[in-house]
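A structural walkthrough
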Amino acid sequence: MKDSVLRISYTGELKPYYEKYNFNGKEIVSFLPSYTNEDEMIFGNSIFKFLAYCKKYSKISLNKVRKSFIEQCEWLKNNEPGFAPHSGKDENGNTVFPDFGEWFDNNIQET
């Protein structure tokens, strides 16, 4: 999931907001949200390494992250299949997709 981002807050709930800027006397609203209480951002495949450490050293539940990951993968599979995790092609040339929950679990094992 090379373009994924995991936002982390140690101090409270992450809430999106849109920054406003003044450009040539006109107010412009950012099209990408910023987030309150954002302490860390982790990108791409580093997310799985971070989650493996969370699983090993903390007592937090990864269920919401896992559920969100599966939903993202299902969306990619249906809308942008080239970007979803896959296991290659079958004998007919069709893309073979893994069970995304199992794929997630395997990728947060200790390395």
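Here, every reference points to the structure presented above.
These lines cover the structure that appears in this document, whether it is placed above or below. (Residues numbered from 1 in each chain as written. Predicted model: local features only at pLDDT ≥ 70, side-chain atom pairs only at ≥ 80, totals over all residues. Heavy atoms only, no water.)

Turning our attention to a nonpolar patch on the surface. Side chains of Val5, Met41 and Phe43 sit close together on the surface and give an oily, nonpolar patch of about 260 Å² of accessible area. With respect to the helices, strands and loops of the structure, Val5 is situated in strand E1 (residues 5-8). On the accessibility criterion, Val5 (35% relative accessible area) is partly exposed. (Patch = residues over 30% accessible without salt bridge, like charges linked within 9 Å, V, L, I, M, F, W, Y side chains within 5 Å. Areas by Shrake-Rupley, 256 points an atom, 1.4 Å probe, with all protein chains shown as cover. Salt bridge = Lys/Arg side-chain N within 4 Å of Asp/Glu carboxyl O. Helix = DSSP H or I, 4+ residues; strand = E, 2+ residues; numbered from the N terminus. Buried < 20%, exposed > 50% of the residue type's maximum accessible area, 1.4 Å probe, protein only.)

This brings us to the side chain of Ser4. Among the secondary structure elements, Ser4 is positioned in the segment before E1. Of note is the side chain of Ser4, whose polar atom sits 3.3 Å from the side chain of Gln72. Excluding residues within four positions of it along the chain, Ser4 makes contact with Ile42, Phe43, Gly44, Ile47 and Gln72. (Polar contact = N/O pair within 3.5 Å; in protein donor to acceptor, adjacent residues only side chain to side chain. Contact = heavy atoms within 4.5 Å.)

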